[in-house]
Number of protein chains: 2
Amino acid sequence: MREKKLTKNQLHRLPDYLWVLKNLESSGLKTVNSQTLADCLDLNNELVRKDIASISTESGIPNKGRKISQLIADIETILGFNRVSNAVIVGVGSLGTAFLHYKGFEDFGLRIVAGFDNNPYIKGKEVNDKPVYDISELSEELLKKLNANIGIITVPGYAAQVVADALVKAKVQGIWNFAPTKINVPNNVIVSNINLATSLAVLSYELYFKNEKEKSKNG
Amino acid sequence: MREKKLTKNQLHRLPDYLWVLKNLESSGLKTVNSQTLADCLDLNNELVRKDIASISTESGIPNKGRKISQLIADIETILGFNRVSNAVIVGVGSLGTAFLHYKGFEDFGLRIVAGFDNNPYIKGKEVNDKPVYDISELSEELLKKLNANIGIITVPGYAAQVVADALVKAKVQGIWNFAPTKINVPNNVIVSNINLATSLAVLSYELYFKNEKEKSKNG
């Protein structure tokens, strides 16, 4: 493993690099330099050079750059696409049910193995062959049995903290939070927040601003 | 409408403000000052003061702060939760199907009215009472008929640009892109990217880094 930890911004650029590298590899290229990657992604060369140095496990080849296949392997290792973690999902409502059916996460190393909910019409049943337990059954013991160390939160905002507390008590190592609210957890638990509503709001606001501007121009 | 456009960072803080404001309102408070909001969210007071000034349509009350109900209304207007836009979803695979079933987007002002796919087993059918058209039918005319001005992309990365081009040709105003790749569109089309894989990768990387560090400490 690389000694130095990548920054969040660096991590967020990795999928873009991965995408470009796979395209370049498909075009038949074997090596690439930072300038080419920078051009493909409209980024600053110096920034790309540093990113590539931080993620590479092999040094570059003089006048040629880096081996593309090695860069792809290095990035996939960092992104965890070739490790598999088991996760449980808490909140088997509309989004939680959708995720229990969604196969795409497995490509990125996440296998959802069970759900938890307190709705009497849902708990005790199966969704896509995965058991849905009563939320009161969420425990360290059950997560160990399921070999799951990640909890996904898909409950409404008002319930998110209670669920986070229960997951922490059951000793998850990481939480992927889809609830539209911040959660507080101890430092040793890692949280990644993703807010679909915010992402949508950015789009909605830009559209609204643009249309209002056009209206005031035409009026 | 406010004259000055909010920054992306400001927009991303709005759902947090909204959440805190609704909690404060439930506790019975009528007004709030920036310092209280800053404390609740662990933010800098000066930053919050500026944010609140940018989003407010009413001025504050001396020694009391802002009316909470008005702030909530102002934020919901900006976020578009009280406007409704129709959207079509392109790519009715696992994630697209999930979203056609998901009801949560309507709370945030987005109604998905139809899907598009080229899979012969899917096109021509309905998912959750919503028609799925062949992708070749995607046209300005059909989008007008559906009253849809937003396209959601849920195809694999390699197909994202082709789909984006088709959406631009059909004159959508905005694109919500879930494909794990950048898309190029003309300046007058607004794009909001959301990458589930990246968000998951951040979690996976942090876990991996933490576990490796503990291993090397214990080894």
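All values reported here derive from a predicted model rather than from experimental measurement.

## Comments concerning the sheet that holds strand β4 (residues 110–117) of chain B
No. 1: Taken in spatial order, the 7 strands line up as β5-β6-β4-β3-β7-β8-β9 (chain B) in an open sheet, and their pairing is mixed. Looking at which strands have only one partner, the edges of the open sheet turn out to be β5 (126–127) and β9 (190–193) of chain B.
No. 2: The pairing of strand β8 (residues 174–177) of chain B with β9 of chain B spans 4 bridges and is parallel. Bridge pairing links W176 of chain B to S192 of chain B in β9 of chain B.
No. 3: Most of the contacts of helix α8 (residues 196–218) of chain A go to β9 of chain B, to which it runs at about 170°, and overall it touches β4, β7 (148–153), β8 and β9 of chain B.

## Re the domain arrangement of chain A
No. 1: You can read the domains of chain A as domain 1 (8–79) and domain 2 (85–198).
No. 2: Between the C-alpha centres of domain 1 of chain A and domain 2 of chain A there is a distance of 34 Å.

## Digging into the side chain of D74 of chain B
Residue and element names in this part refer to chain B.
No. 1: Among the structural elements, D74 can be located in helix α4 (residues 68–79).
No. 2: Residue D74 is classed as buried on the basis of its relative accessible area of 5%.
No. 3: In terms of polar contacts, D74 uses its side chain to reach the side chain of T57, at 2.8 Å.

## A word on the interface of chain B and chain A
No. 1: Every contact between the two is made by 63 residues of chain B and, on the other side, 63 residues of chain A.
No. 2: Taken together, the two surfaces of chain B and chain A that pack against each other cover about 6,000 Å², and 71% of this comes from carbon and sulfur.
No. 3: Along the contact surface separating chain B from chain A lie 3 salt bridges.
No. 4: The shortest N-O distance in the salt bridge between E206 of chain B and K5 of chain A comes to 2.8 Å.
No. 5: On the surface where chain B and chain A come into contact, there are 16 residue pairs in polar contact (both at pLDDT 80 or more).
No. 6: Counting only elements with at least two residues in the side of chain B that touches chain A, the list comes to α1 (8–26), α4, α5 (94–101), β7, α7 (157–169), β8, β9 and α8 (196–218) of chain B.
No. 7: For the side of chain B that touches chain A, the leading source of residues is α8 of chain B, giving 17 residues.
No. 8: Taken together, the residues of the side of chain B that touches chain A sort by class into 33 nonpolar, 18 polar and 12 charged.

## Quick notes on the pattern of salt bridges
No. 1: Per the stated rule, a full pass over the model turns up 17 salt bridges over all chains.
No. 2: Residues E140 of chain A and K171 of chain A are paired through a salt bridge, measuring 3.9 Å at the closest nitrogen-oxygen approach. Residue E140 of chain A is found in helix α6 (residues 140–146), and its partner K171 of chain A is found in the loop between α7 (160–169) and β8 (174–177); the two are separated by 31 residues along the sequence.
No. 3: On the basis of relative accessible area, K171 of chain A is assigned to the exposed category, the value being 55%.
No. 4: Across the salt bridge formed by R49 of chain B and E46 of chain B, the nearest N and O atoms sit 2.7 Å from each other. Highlighted residues: R49 of chain B and E46 of chain B, both in helix α3 (residues 45–55), separated by 3 residues, approximately one helical turn.
No. 5: Exposure remark for R49 of chain B: the relative accessible area of 40% places this residue in the partly exposed category.
No. 6: Residue class for E46 of chain B comes out partly exposed when judged on its relative accessible area of 39%.

Calculation rules
- Residues numbered from 1 in each chain as written.
- Chains lettered and ligands numbered in written order.
- Predicted model: local features only at pLDDT ≥ 70, side-chain atom pairs only at ≥ 80, totals over all residues.
- Heavy atoms only, no water.
- Pairing = 2+ DSSP bridges.
- Helix = DSSP H or I, 4+ residues; strand = E, 2+ residues; numbered from the N terminus.
- Contact = heavy atoms within 4.5 Å.
- Axes fitted to C-alpha atoms, helices over the stretch in contact; angles between N-to-C directions.
- Domains from an automatic or database assignment.
- Buried < 20%, exposed > 50% of the residue type's maximum accessible area, 1.4 Å probe, protein only.
- Polar contact = N/O pair within 3.5 Å; in protein donor to acceptor, adjacent residues only side chain to side chain.
- Buried area = accessible area lost by both parts, 1.4 Å probe.
- Salt bridge = Lys/Arg side-chain N within 4 Å of Asp/Glu carboxyl O.
- Nonpolar A, V, L, I, M, F, W, Y, C, P; charged D, E, K, R; others polar.

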